[in-house]
Amino acid sequence: MRIIDHVIVGHAGGAGAREGEVFDPNTGQVQARVQLGSQAELDKAIAAAQAAQPGWAATNPQRRARVMFAFKALVEKNMDELAHLLSSEHGKVIADAKGDIQRGLEVIEFACGIPHVLKGEYTQGAGPGIDVYSMRQPLGIGAGITPFNFPAMIPMWMFGVAIACGNAFILKPSERDPSVPVRLAELMLEAGAPEGILQVVHGDKEMVDAILDHPAISAVSFVGSSDIAHYVYRRGVEAGKRVQAMGGAKNHGIVMPDADLDQVVADLSGAAFGSAGERCMALPVVVPVGDKTADALREKLIPAIEALRVGVSTDAEAHYGPVVNAAHKQRVENWIQTGVDEGAELVVDGRGFQLQGHEQGFFIGPSLFDRVTPDMQAYKEEIFGPVLQIVRAPDFETALKLPSDHQYGNGVAIFTRNGHAAREFAARVNVGMVGINVPIPVPVAYHTFGGWKRSAFGDTNQHGMEGVKFWTKVKTITQRWPDGGGTGDSAFVIPTMG
């Protein structure tokens, strides 16, 4: 059986003491085993990173950018291979897998411009003969702990900016679908990055804790569930690290009475059910304003949902594929039952779905709830599956309050033709990312990604200039060059006081 190994300089490979199973979600069968590392593997990766990072940091930004350009070209050249590999372990359809990779590449494209964004500030004549300037310098060694649902995009969000800024990077991907991160590290080496600049260590909580505790790692970026994000943030900060930890979500879509319902239904079909709902920026809650809007939306949603095609990840006609493993399938179905038990109306039930010829696969049909209320646990918690909930709101203020009061604050959308309503909503809603007639408001790579409340722990967002700030530290220099013509007996005065 295929063994998925670490990518560590000098690591011999071979069977490890501990291994995890990697499933094919389409068949339910184990297709590979991944080595689960320990402190020893991390120490070896740290030693290689420490040897490589100073020279990489001393490499001028333009040359580092050329490595990013070469890496981007290699990923594009190998897109089909990467997408099929990703799809085979995650279960998302090929089109979604390519989107996963492409959204990561967009951050690599941003990193190609690192010479410009690393430019510091300069003030001439801050005082008599005194100039002040700042520079951004790399932290040293950074680490990323990434989830199963975006095994290409989220690692590239992290290591693209970190490496371009001059850091070495250690990636701990999800053990559920680890092959694509390994290939990305191989392609980065092929692109010209020195050995030790990007390494991959596999593992579970033991490896996570080792990363959080290791004194040589200066910063950690994490994406996952909120409870674990809080744990990562707290433990990393206690160890003196800079930490950004992105958590879960329960994104809402507000549908105003003037919205184009046909467009809303088309958007919801993709945003709620695409990638089997395994996205922190999925849209699992729709909030129609007024019963008339709710009834009309429900009437249009039912046939659209029933028309969704669930298939194997290589089915070009499928709208989405299986979820990642059997445990997650059971978790989603348990949440559906919870919604029923709490009194929500299950309009479309996706439980018990089986795909002919793939009866052991981890498939779940699309589900639709109506008359969900804010006091229900099935509304309060993230389901992370192909389940859409309708929460009816009598008016705009109630609709605005729902996402604002929710424990999560990742993304939200409003569907309307009314510019004033959209502007008011965007300004007042207590959520980090807002879409106006955009169901999944993931910002472009040169802006920044990050939620509020229990969706994010830490003060700095992912990618864009926020990412550059996270992976660098600022040094400010105040300089004076005496002209040699003075007597040398004049007192120095701090510029701001002179």
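All of the points below concern the structure found in this document. This structure is a prediction, so every number in the text was calculated from the model and none was measured.

1. Considering the overall build of the protein chain
On a plain count of helices and strands, the protein chain comes out with 16 helices and 21 strands. In terms of overall dimensions, the protein chain has a C-alpha envelope of 90 × 60 × 40 Å along the principal axes. Long-range pairs, those at least 24 residues apart, make up 74% of the contacts in the protein chain with a sequence separation of at least 6. Carbon and sulfur atoms make up 51% of the accessible area of the protein chain, which totals about 20300 Å².

2. Some details on the pattern of salt bridges
Under the definition given, this model contains 28 salt bridges. Note that arginine 18 is salt-bridged to glutamate 206, the shortest N-O span being 3.2 Å. Of this pair, arginine 18 sits in the loop between β1 (2-4) and β2 (19-24) while glutamate 206 sits in helix α8 (residues 205-213), placing them 188 residues apart in sequence. Residue class for arginine 18 comes out partly exposed when judged on its relative accessible area of 30%. Residue glutamate 206 is classed as partly exposed on the basis of its relative accessible area, which comes to 39%. The partner of lysine 401 in a salt bridge is aspartate 405, and the shortest N-O contact between them spans 2.6 Å. Placement of the pair is lysine 401 and aspartate 405 together in helix α14 (residues 396-405), with a separation of 4 residues, close to one helical turn. With relative accessibility at 51%, the residue lysine 401 sits in the exposed group.

3. A look at helix α6 (residues 153-164)
The terminal C-alpha atoms of α6, which comprises 12 residues, lie 16 Å apart, in line with the 16 Å expected from a rise of 1.5 Å per residue. With 12 of its 12 residues buried, α6 lies for the most part within the structure. Taken together, the buried positions of α6 are Met153, Ile154, Pro155, Met156, Trp157, Met158, Phe159, Gly160, Val161, Ala162, Ile163 and Ala164. Backbone geometry just after α6 places glycine 166 at a positive phi near 105°.

4. Remarks on the packing of aromatic side chains
Overall, the coordinates contain 10 aromatic pairs when judged by the stated rule. One aromatic cluster in this structure is built from Phe71, Phe159, Phe169, Phe470 and Trp471. The ring of phenylalanine 150 carries lysine 92 above its face, with NZ or CZ at 4.0 Å from the centroid.

5. Details of the sheet that holds strand β7 (residues 168-172)
Strands sit in the order β8-β7-β6-β9-β10-β20 across an open sheet of 6 strands; the sheet is mixed. Of all the strands in the sheet, just β8 (198-200) and β20 (456-457) have a single pairing partner and so form its edges. Here strand β9 (residues 219-223) runs beside strand β10 (residues 242-246); their pairing, made up of 5 bridges, is parallel. By the bridge assignment, alanine 219 is partnered in β10 with arginine 242. Its contacts with the sheet put helix α9 (residues 226-238) on β9, β10 and β20, and the angle it makes with β10 is roughly 175°.

6. Brief notes about the packing of helix α3 (residues 79-90) against helix α4 (residues 94-111)
As a packed pair, α3 and α4 sit with axes 8 Å apart at the nearest point and diverge in direction by 115°. Remark: the crossing between α3 and α4 carries right-handed chirality. Across the interface between the two elements, Met79, Asp80, Leu82, Ala83, His84, Leu86 and Ser87 from α3 touch Ile94, Ala97, Lys98, Asp100, Ile101, Gln102 and Leu105 from α4. The residue makeup of the contact of α3 with α4, split by class, is 8 nonpolar, 3 polar and 3 charged.

7. Focus on helix α15 (residues 419-428)
Three- or four-residue spacings in an α-helix give side chains the same orientation, since the helix completes a turn every 3.6 residues. Three or more residues of α15 are buried, namely Ala421, Ala422 and Phe425. Buried residues of α15 fall within an arc of 100° about the axis and therefore sit on the same side. In α15, the exposed positions that point more than 90 degrees away from the buried face belong to Gly419, His420, Arg423 and Ala427. At its buried positions, α15 is contacted by β11 (252-255), α14, β17 (411-415) and β18 (433-436). Capping the start of α15, asparagine 418 holds a side-chain oxygen 2.9 Å from the backbone nitrogen of histidine 420, two or three residues further along.

8. Details of the nonpolar core
By size, the foremost hydrophobic cluster in this structure holds 95 residues, and its most contacted members are Phe71, Ile101 and Phe159. Top element by residues in this core is α6. It accounts for 10 residues. Sequence-distant contacts of phenylalanine 71, that is, excluding residues within four places in its chain, are made with Ile108, Met156, Phe159, Leu184, Leu187, Met188 and Ala191. Of all hydrophobic cores here, the second largest spans 58 residues; its members include Ala272, Trp335, Ile390 and Ala421.

9. Some details on the sheet that holds strand β3 (residues 29-35)
Read across the sheet, 3 strands follow the order β1-β3-β2 without closing on themselves; strand pairing throughout is mixed. Here the strands that pair on one side only, and so sit at the sheet edges, are β1 and β2. Pairwise comparison of adjacent strand axes, ignoring direction, gives a mean angle of 35° for this sheet. As paired strands, β1 and β3 are joined by 3 bridges and run parallel to one another. Bridge pairing in β3 links isoleucine 4 to valine 34. Seen against the sheet, α3 touches β1, β2 and β3 and runs at an angle of roughly 100° to β2.

10. Some thoughts on unusual backbone geometry
With a phi angle near 60°, arginine 371 is a residue other than glycine that sits in the positive phi range. For histidine 463, which is not a glycine, the phi torsion comes out positive at approximately 45°. Inspection of the secondary structure puts histidine 463 in the loop between β20 and α16 (464-470). A residue is classified by how much of its surface remains accessible, and histidine 463, at 2% relative accessible area, is buried.

Conventions we followed
- Residues numbered from 1 in each chain as written.
- Predicted model: local features only at pLDDT ≥ 70, side-chain atom pairs only at ≥ 80, totals over all residues.
- Heavy atoms only, no water.
- Helix = DSSP H or I, 4+ residues; strand = E, 2+ residues; numbered from the N terminus.
- Contact = heavy atoms within 4.5 Å.
- Areas by Shrake-Rupley, 256 points an atom, 1.4 Å probe, with all protein chains shown as cover.
- Salt bridge = Lys/Arg side-chain N within 4 Å of Asp/Glu carboxyl O.
- Buried < 20%, exposed > 50% of the residue type's maximum accessible area, 1.4 Å probe, protein only.
- Expected span 1.5 Å × (residues − 1).
- Phe/Tyr/Trp six-rings, centres within 6.5 Å; stacked < 30°, edge-to-face > 60°.
- Lys NZ or Arg CZ within 6 Å of the ring centre and 35° of its normal.
- Pairing = 2+ DSSP bridges.
- Axes fitted to C-alpha atoms, helices over the stretch in contact; angles between N-to-C directions.
- Left-handed = near helix turned anticlockwise from the far one by under 90°.
- Nonpolar A, V, L, I, M, F, W, Y, C, P; charged D, E, K, R; others polar.
- Arc of directions from axis to C-beta.
- Polar contact = N/O pair within 3.5 Å; in protein donor to acceptor, adjacent residues only side chain to side chain.
- Core = buried A, V, L, I, M, F, W, Y, C linked by side-chain atoms within 4.5 Å.

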